[in-house]
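# Secondary and tertiary structure notes
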Amino acid sequence: MRSPDPPSPPTPRVRAALPWCGAVAYPVALFLAMNAGPDDSALLRLLLTGCVTLLVVPLLGRHPLPALYALLAGTLCTAPLAPSWTLACIPVIASAAAVAVVAATRTRRAAFTAASTALAAHLATAWLLRPGQPVTPDRFPPDPFPSSRVPPDAAEPVTGPLTQGPLLGTALLLLLLQVTALVAGRALAERRAHAEALRARTASDAVTAERLRIAREVHDMIAHSVGVMAIQAGVGRRVIGSRPDAARDALASIEDTGRQTLAELRRTLGALRRDDGDGDGRAPGLAALPRLVAATSGAGVRVEVTEHGTPRPLPHNVDLAAYRIVQEALTNVARHAPDSSCRVVLDHGSPGDPALSLLVENDGPAAPAVSPAPGYGITGMRERVTLLGGDFAAAPRPGGGFRVTARLPVPAAVA
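About the cut-offs
Residues numbered from 1 in each chain as written. Predicted model: local features only at pLDDT ≥ 70, side-chain atom pairs only at ≥ 80, totals over all residues. Heavy atoms only, no water. pLDDT = per-residue confidence, 0-100. Contact = heavy atoms within 4.5 Å. Salt bridge = Lys/Arg side-chain N within 4 Å of Asp/Glu carboxyl O. Helix = DSSP H or I, 4+ residues; strand = E, 2+ residues; numbered from the N terminus. Buried < 20%, exposed > 50% of the residue type's maximum accessible area, 1.4 Å probe, protein only. Core = buried A, V, L, I, M, F, W, Y, C linked by side-chain atoms within 4.5 Å. Pairing = 2+ DSSP bridges.

### Quick notes on the confidence of the model for the chain
A residue-level look at the chain finds 79% of positions with pLDDT of 70 or above and a mean pLDDT of 79. Every residue in residues 132-165 scores below 50 in pLDDT, and together they form 63 contacts with partners more than four places removed in sequence or on other chains. Counted against residues more than four places away or in other chains, residues 368-374, with its pLDDT under 50, gives zero contacts.

Next comes the structure, spelled out in structure tokens:
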């Protein structure tokens, strides 16, 4: 025997129409809930009124303004027939909650319009339930609270927090309710807007930081290689007629430097595409320092490297920053003092002070007081050190030449 097919889920049109159907049916359902059961079933009517108010909640999430109007319509339609002020308070409070939702999700103009409309509707409801309205016991059954019960043998006016005392006091209470809902909704909207602006700014800062990182990598990589190649090309041009062998060596050095630069550029771009620094795309570190010194020496700069302490594995970002700082410093020496001597000192620190200290200085001519064309080398070095929480200094030496110092902290777990 074939089993019956499972019921198909409702179509999108049906799902979209159900909240509207609940809102349209709300006034009638509210009236029936307020008058359900025998005369002494006030608690039952209170529960049914609260449950009926939930009919508007699905519409409130997507369309808060129509949901608010449905609540206000139900309140006004049932106020003349409301058997108790307690039951009338439920749609009034629900309308204030709807005003808060409108204020949190719509414009200021829409929020003020919603609050004004709700206040007018609530004032009309309070006027309909104002003191002095004679009632009969069969129309107004007892309230769940003894203080507001209507004696079964006498007709008394409707009383309660919305109707006790002068109408002015009721109006002030309703005004305070709407102002509270409006302020709460706008505060939530401003908090959400601030959070979105903060997320956008964080994303923008991340993009800017990534662009600066890429700019530093490309600058440090290309500037050194192109500077060395330009110096070697100049040497070859000057000696090509008198010393062909020296010119041939300069051209070979230019070729080697160009190939190394292309290989390093491929590794860097590969690491950027994979968003990591492992494998073949790993950027160079201090292990590549001998090759860097050899390339700088080929440009006519005599480089001496001295190490203090015991070398140890370094985090990738520290290792890369140290290499780039030495590379940029040697590039500046080769560019501004090509015939000078340069000293590179690496201090690997001690177990009590796990920090890598760098010193690059040359004995070339004194640097000019004002650089004719300031570049991004020193700025990039300072940014690298600052990102790692270290110290950086770059200044001319008193007796001539230039000195660059950097201190890069190493995490204790690595040290």
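Now that the structure has been shown, the text picks up again.
### Some thoughts on the pattern of salt bridges
Counted according to the given criterion, the structure contains six salt bridges. Across the salt bridge formed by Arg 108 and Glu 190, the nearest N and O atoms sit 3.3 Å from each other. Placement of the pair is Arg 108 in helix α6 (residues 108-128) and Glu 190 in helix α7 (residues 167-239), with a sequence separation of 82 residues. The class of Arg 108 is partly exposed, set by a relative accessible area of 48%. Glu 190 gets classed as partly exposed once you look at its relative accessible area, which sits at 44%. A salt bridge links Glu 361 to Arg 403; the nearest nitrogen and oxygen atoms lie 2.9 Å apart. Within this pair, whereas Glu 361 is found in strand β3 (residues 355-362), its partner Arg 403 is found in strand β5 (residues 402-409), the two being separated by 42 residues in sequence. On the basis of relative accessibility, which here comes to 33%, the residue Arg 403 falls in the partly exposed class. Ionic contacts of the salt-bridge type, sharing partners, join the residues Arg 343, Glu 361, Arg 397 and Arg 403 into one network.

### Some remarks on the nonpolar core
Soluble, globular proteins show a tendency: their nonpolar side chains are buried together. If you look at the biggest cluster of nonpolar residues, it comprises 35 residues, and the most contacted ones within it are Ile 325, Val 326, Leu 330, Cys 342, Val 344, Leu 358 and Leu 408. The set of elements that each furnish at least two residues to this core consists of α7, α9 (289-298), α10 (316-336), β2 (341-347), β3, α11 (377-387) and β5. No other element matches α10, which puts 10 residues into this core. If sequence neighbours within four positions are ignored, Leu 330 has contacts with Leu 292, Thr 296, Val 303, Cys 342, Val 344 and Val 360.

### Considerations on the pairing of β5
Judged from the seven bridges that link them, β3 and β5 form a sheet pairing that is antiparallel. Looking across to β5, one finds that Leu 359 is bridged to Thr 405. Sheet analysis places strand β4 (residues 391-396) next to β5, joined by six bridges and oriented antiparallel. Its bridge partner being in β5, Phe 392 is matched across the sheet by Ala 406. In this structure, the hairpin formed by β4 and β5 is closed by a connection of five residues, where Gly 400 is found at a positive phi of approximately 115°.

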